[in-house]
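If you want the building blocks of each chain, they are given just below.
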Amino acid sequence: QVQLQESGPGLVKPSQTLSLTCTVSGGSITTNGYVWRWIRQPPGKGLEWMCTIGSTGGTWYSPSLKSRTSISRDTSKNQLTLQLTSVTPEDTAVYYCLQGWDYWGQGTQVTVSS
């Protein structure tokens, strides 16, 4: 089965760049017909879709985050990456990577604080 595991720093400082990695096992990120996503959930708030990448590398971004967000992939490592620049405390959230809406990683807590 598909398994996804997020990794990255749990604490970043305001104005810096957040970089997260999603390691995928049990399936290939290049398999046709599947998309891969990053979403997040700030404390006390709902889920927020951030970005999506397709099996051939096409990307889509939330309009509210596009200027600060980049999703990419390393096919040799079967990994997805997320970069979020110029972070503020409002970016504090649990970050998840997904295959479509069917498979979720466990999530990783990211706190933005000085």
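Residues numbered from 1 in each chain as written. Predicted model: local features only at pLDDT ≥ 70, side-chain atom pairs only at ≥ 80, totals over all residues. Heavy atoms only, no water.

**Details of the sheet that holds strand β1 (residues 3-7)**
For clarity, the threshold we go by: Pairing between two strands requires that DSSP report at least two bridges joining them. Secondary structure elements are defined from DSSP: runs of H or I of at least 4 residues count as helices, runs of E of at least 2 residues count as strands, and each element is numbered from the N terminus. Helix axes use the C-alpha atoms of the stretch in contact, all axes being lines fitted to C-alpha atoms, and the angles between their N-to-C directions lie in the range 0 to 180 degrees.
Spatial ordering of the open sheet is given by β1-β3-β8-β7, a layout of four strands whose pairing is antiparallel. At either margin of the open sheet sits one strand with a lone partner, and together these are β1 and β7 (69-74). Put simply, the sheet's adjacent strands are angled 20° from each other on average, direction ignored. As defined by bridge partners, strand β3 (residues 18-25) adjoins strand β8 (residues 79-84) across six bridges and the pair is classed as antiparallel. Paired with Thr23 across the strands is Gln79, a residue of β8.

**Thoughts on the pairing of strand β9 (residues 93-99)**
Note the cut-off: Using a 1.4 Å probe on the protein chains alone, a residue whose accessible area is under 20% of its type maximum counts as buried, one over 50% counts as exposed, and one in between counts as partly exposed.
Most of β9 is tucked away: six of the seven residues are buried. In this structure, β9 lies alongside strand β11 (residues 108-112), joined through three bridges in antiparallel fashion. Among the inter-strand pairings, Val94 is bridged to a residue of β11, identified as Gln109. Strand direction decides the pairing type here: β9 and strand β10 (residues 103-104), joined by two bridges, are antiparallel. Following the sheet pairing, Gln99 is matched in β10 by Tyr103. Counting the residues that bridge the hairpin from β9 to β10 gives three residues, and of these Gly100 lies at a positive phi of roughly 55°.

Everything listed is a geometric property; what it means functionally is a separate question.
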